[in-house]
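# Fold and geometry: a report
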Amino acid sequence: MEFKSISQLKSLLDENKISVKEIAETYIKKINENKDLNIFIYFNEDKIHDQVKETENLSNDNVLKGIPIAVKDLFCTKNMPTTAASKILENFKPTYESFVTQKLIDQGSIFVGKTNLDEFAMGSATNTSFFGNTINPLSKNNNPLAPGGSSGGSAAAVAADLCLGATGTDTGGSIRQPASFCGVVGIKPTYGLCSRWGIAAFASSLDQAGVFSKNVTDSSILLEVIAGHDQRDSTSSNVKIPSFSKNLNSDLRGKVIGIPKEYTVDGISDEINQVWEDAIKSLEKKGAKIKHISLPHTKYALPTYYIIAPAEASSNLARYDGVKYGYRAENPKSLDEMYELTRSEGFGKEVKRRILIGTYVLSAGYYDAYYLKAQKVRKLIANDFIEVFSDCDFILTPTAPSAAFSLNEKQDDPIKMYLNDVFTVPASLAGIPGISIPYGHDKEGLPLGIQLLGKHYNEQEIFNAAFALEKDYE
Amino acid sequence: MSNLIKGKKHDWETVIGLEIHAQVKSNSKLFSSSSTTFGSKPNSQVSLVDAAMPGMLPVINKYCIEQAIKTGIGLNAKINNYSIFDRKNYFYADLPQGYQISQYKHPIVGEGKVTIDFKDGSSKDIRIVRLHLEQDAGKSLHDQNPTKTYVDLNRSGVALMEIVSEPDIRNADEAGLYINKIRSILMYLDTCDGNMQEGSLRADVNISVRKPGDDYGTRCEIKNLNSIKFIKQAINYEVKRQIEVLEEGGVIEQNTLLFNTSTGKTRPMRSKEEAHDYRYFPDPDLLPLVIGQSEIENLKNEIPELPDDRKKRYINEYNLSNYDASVLTSDKSVSDFFDSVIKVDSRLKKSSKIVVNWITSELFSLLNENDLEINNSPITPENLGKLVKLIIDDVISGKIAKDVLLEMFKTKKDPDKIIEDKGLKQVTDTSLIETIVDDVIDENHKMVDQYLLGKDKLLGFFVGQAMKKSKGKANPKILNEILKEKLSKKN
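This is a predicted model, so every value here is computed, not measured. (Residues numbered from 1 in each chain as written. Chains lettered and ligands numbered in written order. Predicted model: local features only at pLDDT ≥ 70, side-chain atom pairs only at ≥ 80, totals over all residues.)

### So, the sheet that holds strand β15 (residues 281-282) of chain B
Residues and elements named next belong to chain B. Put simply, the rule reads: Strands pair, by our definition, only if DSSP identifies at least two bridges between them. Helix numbers and strand numbers start at the N terminus; a helix is a DSSP run of H or I with at least 4 residues, a strand a run of E with at least 2.
Strands sit in the order β5-β4-β15 across an open sheet of three strands; the sheet is antiparallel. The outermost strands of the open sheet, each flanked by one partner alone, are β5 (99-102) and β15. Relative to β5, strand β4 (residues 86-89) runs antiparallel, the two sharing four bridges. Residue pairing for β5: lysine 88 is matched across the bridge by glutamine 100.

### Things to note about the sheet that holds strand β6 (residues 208-213) of chain A
Residues and elements named next belong to chain A. The line we're drawing: Here, axes are lines fitted to C-alpha atoms. For helices the fit covers the stretch in contact, and angles between N-to-C directions go from 0 to 180 degrees. Residues are scored as being in contact if the C-beta atoms we place from backbone atoms lie within 7 Å.
Spatially, the eleven strands line up as an open sheet ordered β1-β3-β2-β4-β6-β5-β10-β11-β9-β7-β8, and their pairing is mixed. Where the open sheet ends on each side, the last strands, each with one partner, are β1 (40-42) and β8 (289-293). Direction aside, neighbouring strands of the sheet carry axes that sit 35° apart on average. Each of β4 (165-170), β5 (185-188), β6 and β10 (434-441) is contacted by helix α7 (residues 216-226), which is oriented at about 145° to β6, the strand it contacts most.

### Remarks on the environment of lysine 223 of chain B
Residues and elements named next belong to chain B. Mapping lysine 223 onto the fold places it in strand β12 (residues 220-225). Note: C-alpha distance between lysine 223 and threonine 266 (43 residues apart in sequence) is 9.9 Å. Among all residues touching lysine 223, those that are not within four sequence positions of it are Asp204, Thr256, Leu257, Leu258 and Met269.

### A closer look at the confidence of the model for chain B
Counted only if it meets this: pLDDT is a residue-level measure of predictor confidence that goes from 0 to 100.
For chain B, mean pLDDT is 92; residues scoring 70 or higher make up 98% of the total. Overall fold confidence for the complex sits at a pTM of 0.90, while the interface term, ipTM, reaches 0.96.

### Brief notes about the packing of helix α10 (residues 301-316) of chain A against helix α12 (residues 349-362) of chain A
All names here are of chain A. Applied cut-off: Convention used here: angles under 35 degrees read as roughly parallel, angles over 145 as roughly antiparallel, angles from 65 to 115 as roughly perpendicular, and any remaining angle as oblique. As a working rule, the residues Ala, Val, Leu, Ile, Met, Phe, Trp, Tyr, Cys and Pro are called nonpolar, Asp, Glu, Lys and Arg charged, and the rest polar, with Gly in that last group.
At a minimum axis distance of 7 Å, the contact between α10 and α12 shows a crossing angle of 100°. One way to sum up the angle between α10 and α12 is to call them roughly perpendicular. Along the contact surface, α10 presents Ile307, Pro310, Ala311, Ala313 and Ser314, while α12 presents Arg354, Ile355, Ile357, Gly358, Thr359, Val361 and Leu362. Class assignment of the residues belonging to the contact of α10 with α12 gives a composition of eight nonpolar, three polar and one charged.

See the structure below:
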């Protein structure tokens, strides 16, 4: 049995054509059949049945009643362990529920499990997880593909139809790039739209929660639920959340779409350029005007990101020290040795690499040359966007420089891996919202994603454009 | 007063700067809602934020910010409209986040100054560099188990104000006066409880020595001193040590020192401490702290009378000396007590010096003997005021008043009641005194004769005898007059 979307399943439930229990059982079966994809770090049928009991009798006014949702294992959850895909948090059981997941629970959703990710969200292929790779469900012919990352498990769960929606976090592209690789919709809202409370931090000034779904409408429904002000997060925005789903409108007449010239980079396949071209034409056909724009500091975005994000990470991850919770190395001879052993055994290679980079760029004598300069460049990048948004409504770019790559590719070359974020990182640095939707395929038949970027707090604009583009493939 | 210290070879000048860590008086912590009550069961006042659980975020406690602003105002300092919380990164078992949230380049309070007063009536300004807010760490307990260290996080996240002085202090006494003054201002403002024993107020002392006129020498920092006595001891030891090293041709190495309170000596902290690179950077979990001018003005209106203002008032209204006034005002509760005593009767104002003496000598010695603070004094300001009034009205003598005070201390009774019950009222009835004097003259003929022959000193003897007969209650002035008159008539 396959359900097309959250809205479709909700209607079936409202019409009593299916029960919460039947929905849950359907998805339990699907998950059990797809265990080889290694999508979930935590999956426990009993926990799902417990939720069914709690949800069954809720009013149908709860917009997500009975809807199966997968949760990236970076969100702390009270009823399921939270690992951040790290050995250092293996078996960690939070006593608290993150803001975002609590909002989903409050609307009656059923968490089917906690999805795999790159360790502490550091990666672009879900291959740095302590719990092994996740395999992209679209892989063919014995060539296992990466689902993208870091929210690869969540994107794959939606793509494999193991849930109808999933939470993700996006620090430099961790929602948009896997959405592109797995052929699903993924949105990273404006920085601050969703509270970070209860999400294990990677880079605080960039981390933002968002969602995956099968279509734009579902993403708009989910984002409406999880967005909102939270006093416990000082960077959470106190803005009114519009009813994104009710306001969806595919009429693009009079809208101006910016096409940034800096996003035409070497080494990008013709197929991607073709898809971009197609999307531009389609938007024009729907009444939008095309404007060629320049975001001159784009080329500095990647190095800037790879200074700021590791710097914050090196500090954010200092709390995993073996003292209070999580993994602690055995028989250390001193406090210092406990730290050294715990952290070298508890963290994986990529996390350690970024902690080292971050520690370096914050060190005395290097701070000004790296961290401080990166902050200045970040400001310039953000200003680039502010400037172009004065005369365009949104920006259209490819999401990633390639389709899903083979799992074995790029494993040993961090720089090559970091290049995957080239189109997604600028929006993260600027804090603006971005959505990726599947739009066409490469010649292998793998999905390619297109990215729409909007003004701060203007998620509605990019939802609408995405909604219009989506109709091309219905 | 010369601040120079004689060395074996030449004179030396000491240069001292202080960093005072004052715990903000607040029911909850700087970035969480946990309680700050001292002495609670270990780890009973720890929130998810204080324990640095994954995904937990700091939220600024507005009250602590207001307390810091008020303190800044009390230190005559500039309040910065824009300040930033930074992370100071280092690993320690009682530092759950792996960093301390502090303020580095942009503190909430900038330059200010406080005045210290000396016994000789002179005074001196000590400049303040800055005041910044930061979190306290938890506490490592190394003595609970032979092989383990326990960690108590109750203190983790408690708000501290670090008040940094310029190196304007020149000796241990000035350092003591300076800390006392800061402590007194904080207590007047009610922004810190000033309790040094419980660690609410601690200081790091930076010390260097130089030949007069030279540039600053290399300094050493003595960490975490929690009593004025230890601060003075540590300074005196360290100054002597540095002079000895320099005079023997050595160099002072910049170092962080600990003061051993039982040996009275300083020693370097472990060497790895020197290698710390704290990698300060703005905390991305917190927005810059923006304080509007109107908010500062509102808080200015909440500032109570501070020690310097009160001191001026005492000098102007009560004619007290600068030093008396500064001693009295240095402890807010003593000063408040004095104010209440003075209010008991309008005539006490003119006798303020007597009031001061009865508080600072008689009452204090009773309190000290019984290990009591003035706040717990069994004698209320009202009763002390009544007692002083009885003295200046000649109802009782000063000598009897001391007995009455003791009785008041023991029984908490009203002095009027005590002298009534015990019949201690001074005898001013001249006929009664005349009778007593007649008796004394009759009983001491020989002495009277000698007195009349010129042994004037014997008058004291007659006074003593008469006083004894009156059980100490005769008004000495009247008694003297009557005695002299009656004795002269014998001639």
